[in-house]
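# Residue-level structural notes
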Amino acid sequence: EAALSPSVANNHHPQPDRYGFYSDTPGNSVASPSSTLASGATSSSRSRSEAVEIIRRREKKWLDMLNNWAKVIAKDYQLVRERCRKGIPDSVRPKVWFHLCGAFYINRDDPDLYRKCMTKVPNERTADEIERDLERQFPHHELFMQPDGHGQQALRRVLRAYAGAFPDVGYCQAMAPLAGALLLHMPESDTFYTVYILFDKYMRGYFRPGLDAVQVDGQILYGLLKRLNQPIYKHLVKYKVEPLHFMVDWFMCLYVRTLPWPTLLRVWDVYFCEGVKIVFRVAIALVTAVLGSSAQRRRLRSFEDTLDSLRRLPASATQAAVLLPAALKLQLSAADFEREHQKQFRLFNLRKLARQQQVQEQQEAAV
């Protein structure tokens, strides 16, 4: 049998939380079942029956939209976005994600894609890397607690199928928590199609050698911080805290290892609808929660203190009812993101070209 954590073993009748986690896990850090309510938390003035009725009405709205998905997404995207921002009900979330990201259409048009990809065998090094990472994913969740149990076996198949079918991308450690998180909510086949879309569309370039896309996004984050909050930007520059020091795990794992589980689900609801902009918005909101006031910045008088504060986020800043409104109210338009992207992409390529020329000159000088 799987070894239980001490806190579980000491309980004669251990029970997972509503997300399937046992102790010391993301799901346990939230007091109320907030992911299905528009406000992000159950109001004390509402009875449980009233709250359940609200959830049922919202489930029905989503089911009606899913039954007319092509028409709704084409003609009423603003309504879909509004409802995603309120939070997708747990019962329909996997199906909504599957439709929002476009995996539904890939599955419809090529239903044998997963089976075909499973026949592609990754190279030995990649297979070994995947194998080592399996037991690290959600060890306190009921799906993954059993060594080489159903969860780990499914995760192995999904990761090997993707790496084998797309050897130019292969495998990166950040893929495992992403695929694992999806497996907690979706059947294995749906997870593969969603992973396929996630890595090819939403996170294109993130897992290729050099991590160029991640580096560019780090500079975009820096640029947006400079535009929105000069004091925070100046503090980071003063103590030489660069985005890559703290945002790589946030962006590459889409906050899987950063946020409480209910908050993560709410962020992903928006992410699958609106794309990468919410990743930047959440990052800015988190940095602001840590460095937003002059008093906070005065307490952090070194590189180490500042970086540590960004890696040890206060629980108060990561609750859905706090984080989502803070992220969504930021005055950032699609045009703002596009301008910053174009600027940082151009600067990145210039720096890259300069480095290549420098290396070439050094090599020629050595001959």
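Residues numbered from 1 in each chain as written. Predicted model: local features only at pLDDT ≥ 70, side-chain atom pairs only at ≥ 80, totals over all residues. Heavy atoms only, no water.

## Let's talk about the packing of aromatic side chains
For clarity, the cut-off: To pair, rings of Phe, Tyr and Trp, with the six-membered ring standing in for Trp, must have centres within 6.5 Å; the planes then decide the type, stacked if under 30 degrees apart, edge-to-face if over 60, and tilted in the middle. Each helix is a run of DSSP H or I of at least 4 residues and each strand a run of E of at least 2, with the numbering of both proceeding from the N terminus. With a 1.4 Å probe rolled over the protein chains alone, any residue whose accessible area is under 20% of its type maximum counts as buried; one over 50% counts as exposed, and the rest are partly exposed.
All chains considered together, the criterion is met by 22 aromatic pairs. Where F251 meets F280, the ring centres are 5.0 Å apart and the plane angle is 80°; that geometry is what we call edge-to-face. Of this pair, F251 sits in helix α14 (residues 248-252) while F280 sits in helix α16 (residues 277-291), and the two are 29 residues apart along the sequence. There is no split in this pair, since F251 and F280 are both buried. What links up through ring pairs into an aromatic cluster is the set W97, Y202, W268, Y271 and F272.

## Re the environment of Y19
Following the sequence through the fold, Y19 ends up in the loop between α1 (6-9) and α2 (48-67). Sequence separation between Y19 and H185 is 166 residues; the distance between their C-alpha atoms is 9.2 Å.

## Overview of the UniProt feature "domain: Rab-GAP TBC" (unreviewed entry) in the protein chain
For the record, the criterion: UniProt positions are given in the numbering used here, feature names are shortened, and annotations may be inferred rather than shown by experiment.
In the UniProt entry, the feature "domain: Rab-GAP TBC" (unreviewed entry) is given for residues 87-275. Counted over residues 87-275, helix gives 62% and strand 0%. Its end C-alpha atoms are 15 Å apart.

## Section: the packing of helix α12 (residues 212-228) against helix α13 (residues 230-238)
The condition is simple: All axes are obtained by fitting lines to C-alpha atoms, using only the stretch in contact for helices, and the reported angles, taken between N-to-C directions, cover 0 to 180 degrees. An angle counts as roughly parallel when it lies under 35 degrees, as roughly antiparallel when it exceeds 145, as roughly perpendicular when it falls between 65 and 115, and as oblique in every other case. By definition, residues are in contact when any of their heavy atoms lie within 4.5 Å. Gly falls in the polar group here, along with every residue not listed as nonpolar (Ala, Val, Leu, Ile, Met, Phe, Trp, Tyr, Cys, Pro) or charged (Asp, Glu, Lys, Arg).
One way to put it is that α12 packs onto α13 with a least axis distance of 6 Å and a crossing angle of 130°. On the basis of their axis angle, the class for α12 and α13 is oblique. Judged by residue contacts, Y222, L225, K226 and L228 of α12 engage Q230, I232, Y233, L236 and V237 from α13. Here the residues of the contact of α12 with α13 are counted per class, giving seven nonpolar, one polar and one charged.

## What to know about the nonpolar core
Note the cut-off: The criterion is simple. A nonpolar core is a set of buried Ala, Val, Leu, Ile, Met, Phe, Trp, Tyr and Cys residues joined through side-chain atoms within 4.5 Å.
One finds F207, Y255 and W268 to be the most contacted residues of the largest nonpolar core, which totals 110 residues. Sort the elements by how many residues they give to this core and α16 lands first, with eleven residues. Among all residues touching Y255, those that are not within four sequence positions of it are D249, W250, L264, V267, V279, V282, A283 and L286.

## Observations regarding the confidence of the model for the protein chain
Residues shown with low pLDDT carry predicted positions that ought not to be read at fine detail. Definition in use: Confidence scores labelled pLDDT are given residue by residue by the predictor and lie between 0 and 100.
Per-residue confidence for the protein chain averages 90 on the pLDDT scale, and 90% of its residues sit at or above 70. Between residues 1-9, whose pLDDT stays under 50, and residues either more than four places distant or in other chains, the model counts 13 contacts. The low-confidence segment residues 27-43 (pLDDT under 50) makes 49 contacts with residues lying over four places distant or belonging to another chain.

## Remarks on the pattern of salt bridges
Filter applied, for reference: Salt bridges are defined by distance alone: a side-chain nitrogen of Lys or Arg within 4 Å of a carboxyl oxygen of Asp or Glu.
This model, assessed by the stated rule, comprises 23 salt bridges. R204 is paired through a salt bridge with D200; the nearest N and O atoms lie 3.4 Å apart. Two residues, R257 and D249, come together in a salt bridge whose shortest N-O distance is 2.7 Å. Overall, R257 belongs to the exposed group, its relative accessible area being 53%. Residues joined in a network through salt bridges with shared partners are R18, D90, R93 and D269.

## What about unusual backbone geometry?
Notably, L211 is not glycine yet its phi reads approximately 50°, a positive angle. Structurally, the position occupied by L211 is in the loop between α11 (188-202) and α12. L211 gets classed as partly exposed once you look at its relative accessible area, which sits at 30%.

## Here we look at the side chain of E274
Summarising the element assignment, E274 is placed in helix α15 (residues 261-274). According to the relative accessible area criterion, E274 is buried, its value standing at 14%. Once you skip the residues sitting within four places of it in the chain, E274 turns out to touch Y77, R81 and R85.

## Some remarks on the domain arrangement of the protein chain
Spelled out, the test is: Domain boundaries shown here were taken from an automatic or database domain assignment. Note on definitions: buried area is the accessible-area loss of two parts on being combined, 1.4 Å probe, summed for both. In protein, a polar contact means a hydrogen-donor-capable atom and an acceptor-capable atom, both N or O and within 3.5 Å, with residues adjacent in sequence counting only if both atoms are side-chain atoms; elsewhere, any N or O pair within 3.5 Å suffices.
You can read the domains of the protein chain as domain 1 (48-86), domain 2 (92-204) and domain 3 (212-353). Between domain 1 and domain 3, the contact holds six residues from the first and six residues from the second. Carbon and sulfur atoms make up 51% of the surface buried where domain 1 meets domain 3, a total of about 580 Å² over both sides. Of all residues in domain 1, Y77, C84 and R85 give up the largest surface area on contact with domain 3, accounting jointly for 82% of the area buried on that side. Taking the shortest distance from any N to any O, the salt bridge between R85 and E274 comes out at 2.7 Å. The interface formed by domain 1 and domain 3 includes four residue pairs in polar contact (both at pLDDT 80 or more).

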